[in-house]
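Residue strings, one per chain:
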Amino acid sequence: MTVSDPTFAIDPRHAQVARELYATARDLPLICPHGHVDPRLLADDEPFPDPARLLIVPDHYVTRMLLSQGIPPDRLGVPRRDGGPVETDGRVIWRLLAENWHLFRGTPSRLWLERTFETVFGVETRLRPETADEVYDAIAARLEEPGFRPRALFERFGIEVLATTESPTDDLGQHAKLAADGWGGPGGRVISTFRPDNVVDLDREDWSENIARLGELAGEDTLTYAGYLNALRQRRDAFIEAGTTCSDHGHPTARTEVLSESEAAAIYERGLRGEATPADAETFRGHMLLEFARMSLDDGLVMQIHPGAVRDHNRRLYAAHGKDVGGDIPQATGYVHALRPLLDTYGMDPRLRVVVYTLDEYTFSRELAPLAGGYPALFLGAPWWFLDTPDAMRRFREAVTDSAGFYNTAGFVDDTRAFCSIPVRHDISRRSDAAYLASLVVQDRLPLDEAAETLADLSYHLPKRIFRLDGKAA
Amino acid sequence: MTVSDPTFAIDPRHAQVARELYATARDLPLICPHGHVDPRLLADDEPFPDPARLLIVPDHYVTRMLLSQGIPPDRLGVPRRDGGPVETDGRVIWRLLAENWHLFRGTPSRLWLERTFETVFGVETRLRPETADEVYDAIAARLEEPGFRPRALFERFGIEVLATTESPTDDLGQHAKLAADGWGGPGGRVISTFRPDNVVDLDREDWSENIARLGELAGEDTLTYAGYLNALRQRRDAFIEAGTTCSDHGHPTARTEVLSESEAAAIYERGLRGEATPADAETFRGHMLLEFARMSLDDGLVMQIHPGAVRDHNRRLYAAHGKDVGGDIPQATGYVHALRPLLDTYGMDPRLRVVVYTLDEYTFSRELAPLAGGYPALFLGAPWWFLDTPDAMRRFREAVTDSAGFYNTAGFVDDTRAFCSIPVRHDISRRSDAAYLASLVVQDRLPLDEAAETLADLSYHLPKRIFRLDGKAA
Amino acid sequence: MTVSDPTFAIDPRHAQVARELYATARDLPLICPHGHVDPRLLADDEPFPDPARLLIVPDHYVTRMLLSQGIPPDRLGVPRRDGGPVETDGRVIWRLLAENWHLFRGTPSRLWLERTFETVFGVETRLRPETADEVYDAIAARLEEPGFRPRALFERFGIEVLATTESPTDDLGQHAKLAADGWGGPGGRVISTFRPDNVVDLDREDWSENIARLGELAGEDTLTYAGYLNALRQRRDAFIEAGTTCSDHGHPTARTEVLSESEAAAIYERGLRGEATPADAETFRGHMLLEFARMSLDDGLVMQIHPGAVRDHNRRLYAAHGKDVGGDIPQATGYVHALRPLLDTYGMDPRLRVVVYTLDEYTFSRELAPLAGGYPALFLGAPWWFLDTPDAMRRFREAVTDSAGFYNTAGFVDDTRAFCSIPVRHDISRRSDAAYLASLVVQDRLPLDEAAETLADLSYHLPKRIFRLDGKAA
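What you see as residue numbers is a count from 1 along each chain, following the sequence as written. Ligands are numbered from 1 and chains lettered from A, in the order in which they are written. The model is predicted, so local features are restricted to residues of pLDDT at least 70 and side-chain atom pairs to those at 80 or more, both for listing and for counting; the totals for chains, interfaces and linings are taken over all residues. Water and hydrogen atoms were dropped before computing side-chain values, which therefore reflect all heavy atoms in the structure.

**Here we look at the domain arrangement of chain A**
Residue and element names in this part refer to chain A.
- In terms of domain boundaries, chain A breaks down into domain 1 (12-46 + 153-466) and domain 2 (48-148).
- By definition in these notes, contact holds between two residues if any of their heavy atoms fall within 4.5 Å. With 32 residues of domain 1 at the contact, the number on the domain 2 side is 25 residues.
- Values labelled buried area give the accessible surface lost by two parts on being combined, using a 1.4 Å probe and summing over both. When the two sides are added together, the surface that domain 1 and domain 2 hide from each other amounts to roughly 2400 Å², 61% of it contributed by carbon and sulfur.
- Counting the surface domain 1 buries against domain 2, the share from its top three residues, His321, Cys420 and Val424, is 23%.
- Criterion for a salt bridge: a side-chain nitrogen of Lys or Arg within 4 Å of a carboxyl oxygen of Asp or Glu. On inspection of domain 1 and its partner domain 2, the count reaches one salt bridge.
- With a closest N to O distance of 3.4 Å, Arg115 and Asp427 form a salt bridge.
- We define a polar contact as two N or O atoms separated by no more than 3.5 Å, with the added condition that, inside protein, one atom must be a possible hydrogen donor and the other a possible acceptor, whereas residues neighbouring each other in sequence contribute only through side-chain atom pairs. Viewed at the interface, domain 2 and domain 1 are joined by nine residue pairs in polar contact (both at pLDDT 80 or more).
- Elements are defined by DSSP. Helices are runs of H or I of four residues or more, strands are runs of E of two residues or more, and each kind is numbered from the N terminus. Contributing elements (two or more residues each) for the side of domain 1 that touches domain 2: helix H8 (150-157), helix H15 (315-321) and helix H19 (422-442). Where each domain begins and ends follows an automated or database-derived domain assignment.

Next up, the structure:
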């Protein structure tokens, strides 16, 4: 058997303890409280397309690395906004990846893909330019088998619950279909996350359309601020009826803001008139985080905040191929002052749960760990995007455990749109946390039994409890 | 013997060299040039109260972690500002800690407490919910023995000198009592540190009261800026007569400022009239650092600067329980531009010593090490609060040694108010530095004899010399 | 043989794999695409002066460390701007270093110097106060041998190509001399780098003089903005004719700016009239980076950007001894927003190559790696100044490989003015990268054969290709 068994440890005894710990958590069910899998995938349960369309074309980690070496997304089959021609032959795209496979040495993409080939598809041939077709054909053959349809994989992966992400302007039709099949609904296997960014960002081009759609779905007049808030509350209720336990908020910064109702309404009205400034938009986003916290105290949704991405930094890439194709870049993100209005108001209320993520590891020990270790409402999300790697996960634990311990962190969240990588990502997180815990064990800083209990908590029990997937109300 | 012997090393040979190095420094006397032990403790030499009141109630590292998981400080016996009821039964508080002991896995608090149980109190039972009473009773029994009174412990701990911290508005009465007992005074075992923040911060509510008290103690008219400076000089002299060798300055930022006397006087007068703005207060703090540097050139006090804490970030905690109970949070702290006025003026004068600390490790290699490696007057203080941990100490050495070496760092400073943790904190620092030095030895980057000499310097000789506890004038 | 063989690894198997990898790259030729060696050294090929004047006096890493402990540069023979007396006896200077050798424990200077003594001069006596004269004499004796003249060392070091750095106001006379001897010119062993800072920084005291000199050399009227641009283009052509393949830009920040020609001309004219503000100067620098990128698309020069140094932070040191003597300090440096105008305009053009360096490691994973992994034109330079150390090199690879891989980094650049340290610096870089790659191998994350190929690329092939030293046009 040639399947690799990385421990993310170098010293043999450290590796041995890491392996022992990992073995105790390896088979725990997967809790996927936040991610971007298309619910249609599981609602329709159709066979996946070819290996390239499954594993390369939609994976912006992969396409951006190839772009960075001068291979344009067109040659990788990434659709153009203008509908212009792009590569459509999966095998051609796959060969291009194989020819450039050296670019991925040492990267998480290589780790995920190799382990996906091995552990999901049972293909152990090492990818090289010369083996491109062999690997492609082997995966393609598997994809035709019934056991490789989405629902079968879902069960084989051991996923207990998976949350997709939808806007309040989504009618949750896919989730209704899943519920009808016994796959969705409260306590079900596939649920949604309430993500209102597209009706909160006044500076989006499509904001007016979005709030119109919001009003329509909720039967509220969103041309008033009061109607807007009512509509949001109604949509939250609809999501909750479909099983949702969390909201999610992707903002450029972590800024929160206390506005009076009339101040908020005035900004909203400037937005309606098309007169909102960028500063208005930023203030309104910060205010709405307070507003959503208030709603959470009523309805129990766990808030997630994902701040710090400069969306579409690569403007030419955006112009050609649109959003979410690898053109976003992190920026320095402050939490200490930005979150203070929210924490002043609700941070001491243990009924509220706010899970904060970061793209900026240079806040770990200075801001995030002290805050999470000082406010009952605050938890730290798993290392996110650009930091979702074994090395960054280790740095996260090394930097935050001192001030936040393990129990102010929320456990692993895969946050992926790549369905087939889910078990691999959880596996790597469990291996990585096992390695960190093992390092404490071999340094005589934590007994093995407590390390094992902690690993099970991080892998399974904590995310289940913190994201309210245990059926318990606030 | 089950006492743990952590080396903060994973590889067996690395651990072995670390252990050998540590053994050479383990028994050196303790130099405690900065901390927050109450001098009354040693002046009165009364028995300690129960284990909870000794080890939990006053330790904000512990109470904030419990608060972060929803356990309010009231239940932990932390006094309320309104005098309202809080838990008073030490055993109940102790059990609450034991029930939540898992929260401290991997944290320095766990390391300090466990090693305090073991090495100070000789209690080797592992704390668990089921052993809470056993551990409590064993420690309580020890606390009744005469060998566990403060002065006896002081001697057993091997403390050579301990500096408490007082404001110039303190009459140093406790220190006079210690001196009368042969424990204080110049060259004595217990001395004070001159910390003038409460008469420098124009934006403190009690500033007017404080400068009135300052004037009274010094016999100066602090309603003029000149009288204020005279009063400060006189109080410094009084501190120096009581053995003080250092001042300490806890500012929100590291900003320093060159003002003319008339500019400074004008701000001071706005302060007197209650008209000082926050910007005035910040400017005045920055100016006073220059002023105190000037005084240091005259009287030889070593300056310590502790910048970067957002005091009372947790406003509800402050409202209920006041200051220094775990509600402070670090913030991003710049040194390169902030310290430049001070360094331009006095940074090349080797008679001046300025020891700078940080809560922001993301300045180690970029700012602090290059500055300390480039100015004779500047030294780096040991990793402070939130960074006073084995892992952060390692990161400190890894990041600053390249540009600052070892001899521009000031050696270990425990900075604690937890008297019983002092030997443990020094021990962990020595073990941590031993581990770092051992890593250089096993990598063939430093011979063992030089590593041992360096460890003795960091543990004992450097802090003694740099903080002028060796009896040598500037 | 007592020559040390550091692996920058602690675990024995890790060290063994690192050693095996290193052995495969050890003897590859040295590519030195950027540095500050004086071309006169190789043009004249005179014997070096005494060991102190060769290894201490000009090395500001060494003199600043000694200064930081109160030893003024005068005592180390660093020339004064006022021509005042400084120490001239090399042996006295050398003894001062030896007496203070403990200050360098754990620093890269110690590593470089010790290995230079050993591997360049064959002196294996450990430097100590007592051995100062012995080491001095041994090196001095070597310096008299013909095999220790610059060109002989160049060949013994295995340098394939070395780029010095000159301003467009330099007539390249030394390079002409080298070319006449068969050592320079296109494809030659010694070439120049085009570094226009002294004609771009409007706020330099000597800017007017410099542009006058520029105009004179180019035969253009630099009293107009159009003439200035023409003069720069002509000097670039002259540099290219002398073999230059790169430009270099040392700016306080990474700011880039899109100005219209008339806006740029207006600022230039304010500069001519002596009316340019600091903001003008900063805007103009940012604009000129765009202008130089445009020129690079025409003439193929690879751009290097070295941002983030606060030059002459130590003003008293500057006043006494001038520039480049250890008074510069890094500052926090932003790239995400600063580089966006440049990247928006040219970042997707693979004909352009921009190699960005940093003094601020706290941008590695947040900014630099995501940018380099997202734009074809951008590459990351090797860890620079204050970060040119084994530990920082490891942190660089650990932090950037996740998002940028290895192939968006530009390979090692020694950037030194210390000619005799060149082989040592390359050796340490190769050992350090070998250690990082070996860590991936022992963790089962990269096969040994791919690790070896990557190491050869980082050590030799990548810098040769990226800096266009392979004779291939854009």
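After that view, the rundown keeps rolling.
**As for the interface of chain B and chain C**
- Taken together, the 47 residues of chain B in the interface contact 47 residues of chain C.
- Taking both sides of the interface into account, the surface hidden between chain B and chain C amounts to around 4000 Å²; carbon and sulfur atoms contribute 48%.
- When the buried surface of chain B facing chain C is broken down by residue, B:Arg366, B:Asp402 and B:Arg445 rank first, second and third, together holding 18% of it.
- Here chain B and chain C share nine salt bridges between them.
- For C:Asp360, the salt bridge identified is with B:Arg366, shortest N-O distance 3.1 Å.
- Counting the contacts that link chain B with chain C gives 30 residue pairs in polar contact (both at pLDDT 80 or more).
- The set of elements that each furnish at least two residues to the side of chain B that touches chain C consists of helix H16 (340-346), helix H17 (364-372), helix H18 (390-404), helix H19 (422-442) and helix H20 (448-466) of chain B.

**Digging into the relation of the copies chain B and chain C**
- We superpose the copies by least squares over the C-alpha atoms of residues that have a pLDDT of at least 70 in both of them. Superposing chain B onto chain C takes a rotation of 120° plus a shift of 0.0 Å along the axis, which leaves an RMSD of 0.0 Å. Taken together, the turn and the small shift mark the pair as related by a three-fold rotation axis.
- Comparing interface residues between copies, only 6% of those in chain B also sit at the interface in chain C, which points to a heterologous contact through distinct surfaces.

**A short note on the interface of chain C and chain A**
- Listed per partner, the contact involves 47 residues of chain C and 47 residues of chain A.
- Carbon and sulfur atoms make up 48% of the area that chain C and chain A hide from each other, which totals about 4000 Å².
- Counting the contacts that link chain C with chain A gives nine salt bridges.
- Of the charged contacts, one joins A:Arg110 and C:Glu450 as a salt bridge, the two residues approaching to 2.8 Å between their closest N and O atoms.
- Per element, the largest residue contribution to the side of chain C that touches chain A is seven residues, and it comes from helix H17 (residues 364-372) of chain C.
- As a working rule, the residues Ala, Val, Leu, Ile, Met, Phe, Trp, Tyr, Cys and Pro are called nonpolar, Asp, Glu, Lys and Arg charged, and the rest polar, with Gly in that last group. Its residues assigned to classes, the side of chain C that touches chain A shows 20 nonpolar, 14 polar and 13 charged.

**Notes on the relation of the copies chain C and chain A**
- You can overlay chain C on chain A at an RMSD of 0.0 Å; the transform is a turn of 120° with a shift of 0.0 Å along its axis.
- Of the interface residues in chain C, just 6% have counterparts in chain A that sit at the interface too, so the contact is made through distinct surfaces.

**Quick look at the nonpolar core**
- Counting 186 residues, the largest nonpolar core has A:Tyr228, B:Tyr228 and C:Tyr228 as its most contacted members.
- Residue contacts for A:Tyr228: discarding those within four places in its chain leaves A:Val199, A:Val200, A:Ile211, A:Leu214, A:Asp221, A:Thr222, A:Tyr268, A:Phe284 and A:Met288. Buried Ala, Val, Leu, Ile, Met, Phe, Trp, Tyr and Cys residues form a nonpolar core when they are joined through side-chain atoms within 4.5 Å. Between buried and exposed lies partly exposed: a residue is buried under 20% and exposed over 50% of the maximum accessible area for its type, with that area taken using a 1.4 Å probe on protein chains only.

**Re the pattern of salt bridges**
- On inspection of all chains with the given rule, the structure shows 144 salt bridges over all chains.
- The partner of B:Asp349 in a salt bridge is B:Arg351, with the nearest N and O atoms 2.6 Å apart.
- Residue classification places B:Arg351 among the partly exposed residues on the basis of a relative accessible area of 45%.
- As a salt-bridge pair, C:Lys323 and C:Asp312 come within 2.7 Å of each other at their nearest N and O atoms.

**A closer look at the packing of aromatic side chains**
- Pairing of aromatic rings covers Phe, Tyr and Trp, the last through its six-membered ring, and needs centres within 6.5 Å; plane angles under 30 degrees mean stacked, over 60 mean edge-to-face, and all others mean tilted. Enumeration over the complete set of coordinates arrives at 66 aromatic pairs over all chains.
- Ring geometry for B:Phe364 and B:Phe396: centres 5.2 Å apart, planes at 75°, overall edge-to-face. Of this pair, B:Phe364 sits in helix H17 while B:Phe396 is found in helix H18, placing the two residues 32 residues apart along the sequence. Comparing B:Phe364 with B:Phe396, the two get one shared label, buried.
- The interplanar angle of 45° and the centroid separation of 5.5 Å between the aromatic rings of C:Phe157 and C:Phe419 together place this pair among those described as tilted. Here C:Phe157 is found in helix H8 (residues 150-157), whereas its partner C:Phe419 is found in the loop between helix H18 (390-404) and helix H19 (422-442), with 262 residues between them in sequence.
- Among the aromatic residues, those joined into a ring-pair cluster are A:Trp207, A:Tyr225, A:Tyr228, A:Tyr268 and A:Phe284.
- We count a charge as sitting over a ring when the NZ of a lysine or the CZ of an arginine lies within 6 Å of the ring centre and within 35 degrees of the ring normal. One Lys or Arg, B:Arg189, reaches over the ring of B:Trp183 and ends 3.8 Å from the middle of that ring.
- It is C:Arg156 that lies over the ring of C:Phe148; its NZ or CZ is 4.8 Å from the centre.

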